[in-house]
Amino acid sequence: MKVQYPLQASPELSAIKEALKPFGGRCAKVVDGTLEFQIKDDQQNAAYEALKQKGFVR
């Protein structure tokens with residue numbers, strides 16, 4: 001599943017990719033201030049919460 005979240009700031013993409021690894025997130029990229037990546041449906045909420053806690057997304 002492809003998801004998109006608005007970015008909080010301009011963090012390093014490598015830091016985001018590292019945060020997504022435990023959840024199986026892949027193909028992360030930034031498009032017009034939005035973080036876009038692929039993840040399995042059952043991991044989507046956990047990955048979003050982890051990214052939000054780290055301050056990457058709103």
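Residues numbered from 1 in each chain as written. Predicted model: local features only at pLDDT ≥ 70, side-chain atom pairs only at ≥ 80, totals over all residues. Heavy atoms only, no water.

Draft legend 1. The arrangement of the overall build of the protein in detail. Check the secondary structure of the protein and you find two helices and three strands. Secondary structure elements in the protein, listed N-terminal to C-terminal, are β-α-β-β-α. Considered along the principal axes of its C-alpha atoms, the protein spans approximately 25 × 20 × 20 Å. Here the protein, with 58 residues, has 31% of them falling under the buried criterion. Put simply, of all contacts in the protein between residues at least 6 apart along the chain, 60% involve residues at least 24 apart. On the protein, roughly 3,900 Å² of surface is accessible, and the fraction owed to carbon and sulfur atoms is 46%. Seen as two clouds, the 9 positive and the 7 negative side-chain charges of the protein have centres 2 Å apart. (Helix = DSSP H or I, 4+ residues; strand = E, 2+ residues; numbered from the N terminus. Buried < 20%, exposed > 50% of the residue type's maximum accessible area, 1.4 Å probe, protein only. Contact = heavy atoms within 4.5 Å. Areas by Shrake-Rupley, 256 points an atom, 1.4 Å probe, with all protein chains shown as cover. Lys, Arg positive; Asp, Glu negative; His and termini not counted. Charge placed at Lys NZ, Arg CZ, Asp CG, Glu CD.)

Draft legend 2. Molecular detail of the environment of D32. Its location among the elements puts D32 in the loop between β2 (26-31) and β3 (34-38). Taking relative accessible area as the criterion, D32 reaches 78% and is therefore assigned exposed. Residues D32 and P6, spaced 26 residues apart in sequence, show a C-alpha to C-alpha distance of 9.1 Å.

Draft legend 3. Spatial organisation of helix α1 (residues 13-20). All of the buried residues in α1 are I16, A19 and L20. What you see down the axis of α1 is that its buried residues fit within an arc of 100°, all on one side. For α1, the elements touching its buried residues are β2, β3 and α2 (44-53). (Arc of directions from axis to C-beta.)

Draft legend 4. The sheet that holds β2, seen in detail. Spatial strand order, β1-β3-β2: three strands in an open sheet with antiparallel pairing. Looking at which strands have only one partner, the edges of the open sheet turn out to be β1 (2-6) and β2. With direction set aside, neighbouring strand axes in the sheet form an average angle of 20°. In terms of strand pairing, β2 meets β3 through four bridges, oriented antiparallel. By the bridge assignment for β3, K29 is matched with E36. (Pairing = 2+ DSSP bridges. Axes fitted to C-alpha atoms, helices over the stretch in contact; angles between N-to-C directions.)

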